[in-house]
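The lines below spell out each chain.
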Amino acid sequence: MSEARLTPAELKTLFLFESLTDEQLAWLARRGTVQDFPARATVFAEGEPAEGFFMLLSGTLALSRRVQQDDVETNRTDQRGVYMGATQAYLPEDPAVPRTYTASMRAITDCTFFVLTADDFGTVMRTWFPMAVHLLEGLFFGIRTNQALIGERQRLAALGSLTSGLMHELNNPAAATVRATAALRERVAGMRGKLGMLADGRIAPEQLRSLTQLVESMIERAAKAPELTALQTSDREDELGEWLDAHHVRAGWDLAPVFVAGGIDVECLEEIAASVAPGLLDQSLRWIGYALETEQLMTDIEDAGTRVSALIAAARQYSQLDRASRQWIDVHEGLKSTLVMLGHKLRDGVRVVKDFDRTLPQIPAHPGELNQVWTNIIDNAVQAMDGAGTLTIRTARDGDRLLVEIGDTGPGIPPELHKRVFEPFFTTKPVGEGTGLGLDISYRIVVNGHGGDITLVSAPGDTRFQVRLPLTEHAD
């Protein structure tokens, strides 16, 4: 790493210094140095004492923040004159809060910086711009406090909404399991009673064995029973009800729906009647009915358990609790898990259309962060449609990028507001219904964190947010 100096004339070409006096430029030329860093070098690291104020003269750099065990890139730029480092050196020193770098900076290519020490930068600000320093102090602390409060509130609101939706989704299969288990207990008790009556000596052992084998075939038939229309079901129930009445089976209207659901027709009933003595037909049919209902209840419990497992898997996929932060991912997995997590908002009048290009390759990304982007955009779309309309999610390849397009049939966003939707604290929602941070966060995740792009195309009845993500890793 070498050091040199800039002339006052060279300093004046930097946008931050273009309005300074000759005396001020000369002071900076004497105090500042030029420092070179090779590609991949760490210029400074998050948490280290903030000792330098850096201005980029040439090259490309990247800023990153530490999130748990991962470094998340927040910005990448090659703009000459951008500055970073000890940017708050003008603030009063607080021994209880050491002044440290708030992010890490890495040289992507060979970089050259103009560097002032933190003390010199603080002296410049307090001496040359005292009024500005007072304004900046108030603005800095005010924005930091507001962002912390609003950001925390938004995170809690989003977490509460997702948790409420997940609990609602889990409650349905859980309640179904409880109901099915209670009914199953009754059916099993009834089966024991009917079996005891069949086996009390009034039926020959070989007939009981034959009936048992018949029940097994009936259960197998029920598993393969075709789906009937409402009209077909009604006609079949009437047909079986007439047969049961003709054979003096008590309360045949109760058994008929069970037999129809199990795929049993008149031919099956005739086969059963031929397998037992006429006096035992009523009890035999009820035993078979109990067996079919029991099998269906066990299927219902299995389906409910599968649904709970699927919801938990979707929640794990959405939160990325057990996966590394940056990895190669199939973007469709995150989109599907997000739809599951927002399922409670996508009912009634919302129709979801998924137009996925399954030939798309995996991309390098932070899946948990992208899921936050999908959540923000989909949630906004549903709110824009006021719970009634069509939500369309499309994926496609767009040159060397992957396109995710999320559209809704809401009223649209006026053209004059298109450029403002990604600004922090700007919202088109009524007062109290939005913080204005969702799309700002989404923009920073896509653009700064992934090197992608997010745009808006909107007209009444057709609003689309288009997210484009690189198919390959950033060049390091």
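Residues numbered from 1 in each chain as written. Predicted model: local features only at pLDDT ≥ 70, side-chain atom pairs only at ≥ 80, totals over all residues. Heavy atoms only, no water.

### Focus: the nonpolar core
The condition is simple: Buried Ala, Val, Leu, Ile, Met, Phe, Trp, Tyr and Cys residues that are joined via side-chain atoms within 4.5 Å together make up what is termed a nonpolar core. Burial here depends on accessible area, computed with a 1.4 Å probe over protein chains only, as a share of the maximum for the residue type. Under 20% is buried, over 50% is exposed, and the range in between is partly exposed. Only DSSP runs of H or I with at least four residues qualify as helices, and only runs of E with at least two residues qualify as strands; both kinds are numbered from the N terminus onward. Contacts are assigned to residue pairs that have any heavy atoms within 4.5 Å of one another.
Core analysis: the largest hydrophobic core is formed by 39 residues, its most contacted members being Leu-11, Phe-17, Phe-54, Met-105, Phe-113 and Phe-114. At the level of secondary structure, the elements contributing two or more residues to this core comprise α2 (22–31), β2 (33–37), β3 (42–44), β4 (52–58), β5 (61–67), β8 (104–107), β9 (111–117) and α3 (118–128). Residues within four places of Phe-113 in sequence aside, it is in contact with Thr-33, Val-34, Gln-35, Phe-37, Val-43, Phe-54, Met-55, Leu-56, Leu-57, Leu-61 and Met-105. Of all hydrophobic cores here, the second largest spans 37 residues; its members include Val-331, Ile-393, Ile-445 and Val-446.

### Side note on the pairing of strand β13 (residues 388–398)
Quick reminder of the rule: By this definition, two strands are paired if DSSP reports at least two bridges between them.
Judged from the seven bridges that link them, strand β11 (residues 349–355) and β13 form a sheet pairing that is parallel. Paired with Arg-351 across the strands is Thr-390, a residue of β13. Sheet analysis places β13 next to strand β14 (residues 401–408), joined by seven bridges and oriented antiparallel. Residue pairing across strands places Thr-395 opposite Val-404, the latter belonging to β14.

### A short note on helix α7 (residues 252–261)
Those residues of α7 not exposed but buried are Gly-252, Leu-255, Ala-256, Val-258, Phe-259 and Val-260. Positive phi appears at Gly-263, one or two residues downstream of α7, with a value of about 75°.

### Some words on the side chain of Asn-376
Here is the rule we go by: In protein, a polar contact means a hydrogen-donor-capable atom and an acceptor-capable atom, both N or O and within 3.5 Å, with residues adjacent in sequence counting only if both atoms are side-chain atoms; elsewhere, any N or O pair within 3.5 Å suffices.
Tracing the chain through its elements places Asn-376 in helix α11 (residues 367–384). Since its relative accessible area comes to 17%, Asn-376 is described here as buried. Here Ser-442 takes part through its side chain, which lies 3.1 Å from a polar atom of the side chain of Asn-376.

### Structural notes on the sheet that holds strand β16 (residues 462–470)
Note the threshold: Fitted lines through C-alpha atoms give the axes, limited to the stretch in contact for helices. The angle between two N-to-C directions lies from 0 to 180 degrees.
The five strands lie next to each other as β11-β13-β14-β16-β15, forming an open sheet whose pairing is mixed. The strands lining the two open edges of the sheet, one partner per strand, are β11 and β15 (453–459). Strand-to-strand, the axes of this sheet are offset by a mean angle of 15°, without reference to chain direction. Relative to β16, β15 is paired through seven bridges, and the arrangement is antiparallel. By the bridge assignment for β16, Asp-453 is matched with Arg-468. On the sheet, helix α10 (residues 331–341) packs against β11, β13 and β14 and is oriented at approximately 170° with respect to β13. Packed on one face of the sheet, α11 meets β11, β13, β14, β15 and β16 and runs near 25° to β14.

### Quick word on the packing of helix α6 (residues 230–246) against α7
Heads up, the rule is: Every angle not falling under 35 degrees, over 145, or within 65 to 115 is termed oblique; those three ranges are roughly parallel, roughly antiparallel and roughly perpendicular. By convention the crossing between two helices is left-handed if the near helix lies anticlockwise of the far one by an angle smaller than a right angle, and right-handed if it lies clockwise. The nonpolar class holds Ala, Val, Leu, Ile, Met, Phe, Trp, Tyr, Cys and Pro. Asp, Glu, Lys and Arg form the charged class, and all remaining residues, Gly among them, are polar.
Interhelical geometry of α6 versus α7 gives an angle of 130° and a closest axis separation of 8 Å. Taken together, the axis directions place α6 and α7 in an arrangement best described as oblique. The element α6 and its partner α7 pack so that their crossing is right-handed. Taking contact as the criterion, the partners of Thr-233, Arg-236, Glu-237, Leu-240, Gly-241 and Leu-244 in α6 are, on α7, Gly-252, Leu-255, Ala-256, Pro-257, Phe-259 and Val-260. When its residues are assigned to classes, the contact of α6 with α7 shows seven nonpolar, three polar and two charged.

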